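Chain by chain, the residues run as shown.
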Amino acid sequence: MESPREIGAAVSKVFESHRSIRKYVKEPLPEHHLDLIMEAGRRAPTDATLHLWTALRIVDDKLRRRIADEIGQEHVYEAGEFFIFIADLYRLKRLLEYRGEKLGRVDRALLVFAAIDAALAAENMAVMAEALGYGTCFIGGVQNAAELIIRELGLPEKTYPLFGLTIGIPAEEPGVRPRLPRDLLFHENMYRDYSDSDLARAYESMSAYSRRRDWLRILKRYVAEGGYFESRSVEMWRLLKTQGFEV
Ligand SMILES: Cc1cc2nc3c(=O)[nH]c(=O)nc-3n(C[C@H](O)[C@H](O)[C@H](O)COP(=O)(O)O)c2cc1C
């Protein structure tokens, strides 16, 4: 067994070399690697022991093709493995009913905690997969196919697809992508507002992310007025309501 220092160095290396992979060799993972990856997901912390998530492993090629087309991302089809993470209150409903109890209101609070639970499980899996030498990519684009996923994958009431995770043998070697400076992400004790120079540093540190070397383009596309998330939100709440979430 290695020392904690050696283990820490190995784990740190996994994080340092993380980069999302969007081109894969289309080959399934060997069972013993899948075992390690799924076990890493199962061991993730879970709020109040509730296990508010389920992951669907999409192994049917035709189904994968349809989902990838609907999402509009080819790596969803090409990756050796693709998991869809679901906010899952249905299993708890069944567990309660089995013992004669009734599930309470499923509202925004439970949705938030389900998303946290699912993300922790998925990140555990991604880290394990990358430690084994695979590439991974989270797929928020699952939201664009939420209706199809609910229908075709037979999602019951009180469940909702949150995001996907591709895992596979990389067929590209992108560089490591930038992050914000640490002092903008970690504040001490009190929330600290940002000076102009902090904001300039933020754009500077993220400039390499965009081909035109301006991170503002990304922020505008997603979160400025009229951006992607404004329009996505309407559809998301509509579908959540049809799935029995009181949001
Ligand atoms: C919740 C979430 C959703 C994401 N959705 C997508 C997606 O739909 N398609 C994609 O190619 N990458 C997606 N990504 C990957 C991010 O674009 C990527 O993590 C980010 O650009 C930073 O790059 P890096 O992971 O290579 O460091 C997603 C990441 C997260 C955490």
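Relevant structure appears above.
Below or above, wherever it landed, is the structure these notes cover. (Residues numbered from 1 in each chain as written. Predicted model: local features only at pLDDT ≥ 70, side-chain atom pairs only at ≥ 80, totals over all residues. Heavy atoms only, no water.)

1. Describing the pattern of salt bridges
Rules: Here, a salt bridge means any side-chain nitrogen of Lys or Arg that lies within 4 Å of a carboxyl oxygen of Asp or Glu. Numbering of helices and strands runs from the N terminus, with a helix taken as a DSSP run of H or I at least four residues long and a strand as a DSSP run of E at least two residues long. Relative accessibility under 20% of the residue-type maximum defines a buried residue, over 50% an exposed one, and the middle range a partly exposed one, all with a 1.4 Å probe and only protein chains included.
Scanning the entire structure with this criterion turns up 19 salt bridges. Here E81 ties to R57 by a salt bridge, and the two come within 2.7 Å at their closest N and O atoms. Taken together, the positions of E81 in strand β3 (residues 81–88) and R57 in strand β2 (residues 53–57) put the pair 24 residues apart, joining distant regions of the chain. The class for E81 is buried, based on a relative accessible area of 1%. Of the charged contacts, one joins R201 and D198 as a salt bridge, the two residues approaching to 2.8 Å between their closest N and O atoms. Residue R201 and its partner D198 are located together in helix α9 (residues 196–206), separated by 3 residues, close to a single helical turn. For R201, a relative accessible area of 33% translates into the label partly exposed. Among the ionic contacts, a cluster of salt bridges with common partners joins D183, R192, D198 and R201.

2. Points about the packing of helix α2 (residues 31–42) against helix α6 (residues 108–131)
This is how the line gets drawn: In this analysis an axis means a line fitted to C-alpha atoms, helices contributing only their contacting stretch, and an angle means the value between N-to-C directions, from 0 to 180 degrees. Should the near helix be turned anticlockwise from the far one by less than a right angle, the crossing is termed left-handed; should it be turned clockwise, right-handed. The contact criterion used is simple: two residues touch if any of their non-hydrogen atoms lie within 4.5 Å. Charged residues are taken to be Asp, Glu, Lys and Arg, nonpolar residues to be Ala, Val, Leu, Ile, Met, Phe, Trp, Tyr, Cys and Pro, and polar residues to be all remaining types, Gly included.
Here α2 crosses α6 at 150°, and the two axes come no closer than 7 Å. The crossing of α2 and α6 is right-handed. Residues L36, I37, A40 and G41 of α2 lie in contact with α6, whose contacting residues are A121, N124, M125, M128 and A129. By residue class, the composition of the contact of α2 with α6 is 7 nonpolar, 2 polar and no charged.

3. Side note on the environment of A171
Mapped onto the secondary structure, A171 falls in the loop between β5 (159–170) and α8 (182–185). For A171, a relative accessible area of 44% gives the class partly exposed. Along the backbone, A171 and R91 are 80 residues apart, and their C-alpha atoms lie at a distance of 37 Å.

4. Observations regarding the site of the ligand
Worth spelling out the cut-off: We call a residue near a molecule or strand when any one of its heavy atoms sits within 4 Å of it. Polar contacts, as counted here, are pairs of nitrogen or oxygen atoms within 3.5 Å of one another; within protein the pair requires one atom able to donate a hydrogen and one able to accept it, and residues that are adjacent in sequence qualify only if both atoms are side-chain atoms. For every accessible area listed, the method is Shrake-Rupley and the probe measures 1.4 Å; residues are considered covered only by the protein chains on display.
The full set close to the ligand counts 14 residues, and H18, S20, R22, R177 and Y209 are the nearest of them. Here Q73 contributes a side-chain N or O atom positioned 2.7 Å from a nitrogen atom of the ligand. F138 has a polar backbone atom sitting 3.2 Å from a nitrogen atom of the ligand. Protein contacts shield 67% of the accessible area of the ligand, which totals 620 Å² for the unbound molecule. It is strand β4 (residues 135–139) that provides the largest number of residues to the shell around the ligand, a total of 3 residues. Across the shell around the ligand, the residue classes break down as 4 nonpolar, 6 polar and 4 charged.

5. Focus: the side chain of Q243
Tracing the chain through its elements places Q243 in the segment after α11 (228–242). Relative accessible area serves as the criterion here: at 7%, Q243 is assigned to the buried category. Once you skip the residues sitting within four places of it in the chain, Q243 turns out to touch I150, L155, P156, E157, K158 and T159.

6. Brief notes about the packing of aromatic side chains
Our working definition: Ring pairs are drawn from Phe, Tyr and Trp, using the six-membered ring of Trp, whenever the two centres fall within 6.5 Å, and their geometry is named by plane angle: stacked under 30 degrees, edge-to-face over 60, tilted for the rest. Our definition puts a charge over a ring when NZ of Lys or CZ of Arg is within 6 Å of the ring centre and also within 35 degrees of the ring normal.
On inspection of all chains with the given rule, the structure shows 8 aromatic pairs. Between F85 and F163, the ring centres sit 5.1 Å apart and the planes meet at 20°, which makes this aromatic pair stacked. Of the two residues, F85 is situated in strand β3 and F163 in strand β5; the sequence distance between them amounts to 78 residues. Look at F85 and you get buried, because its relative accessible area is 0%. Each ring, one from Y228 and one from F229, has its centre 5.1 Å from the other, and the planes form 80°; the classification is edge-to-face. Ring pairing ties together the aromatic residues W53, F85, F138 and F163, which thus form one cluster. In this structure, R65 is placed above the aromatic ring of Y77, and the distance from its NZ or CZ to the ring centre is 4.2 Å.

7. Observations concerning the nonpolar core
Where we set the bar: Only buried residues count toward a nonpolar core. Its members are Ala, Val, Leu, Ile, Met, Phe, Trp, Tyr and Cys residues joined through side-chain atoms within 4.5 Å.
One finds I67, F82, I84 and F85 to be the most contacted residues of the largest nonpolar core, which totals 52 residues. The element that contributes the greatest number of residues to this core is α6, accounting for 8 residues. Excluding its chain neighbours within four sequence positions, the residues that come into contact with I84 are T54, A55, L56, I58, I67, V142, I149, L153, P161, F163 and G164.

8. Some details on unusual backbone geometry
Positive phi, close to 65°, is recorded for K158, a residue that is not glycine. With a phi angle near 60°, N189 is a residue other than glycine that sits in the positive phi range. If you trace the backbone, N189 turns up in the loop between α8 and α9.

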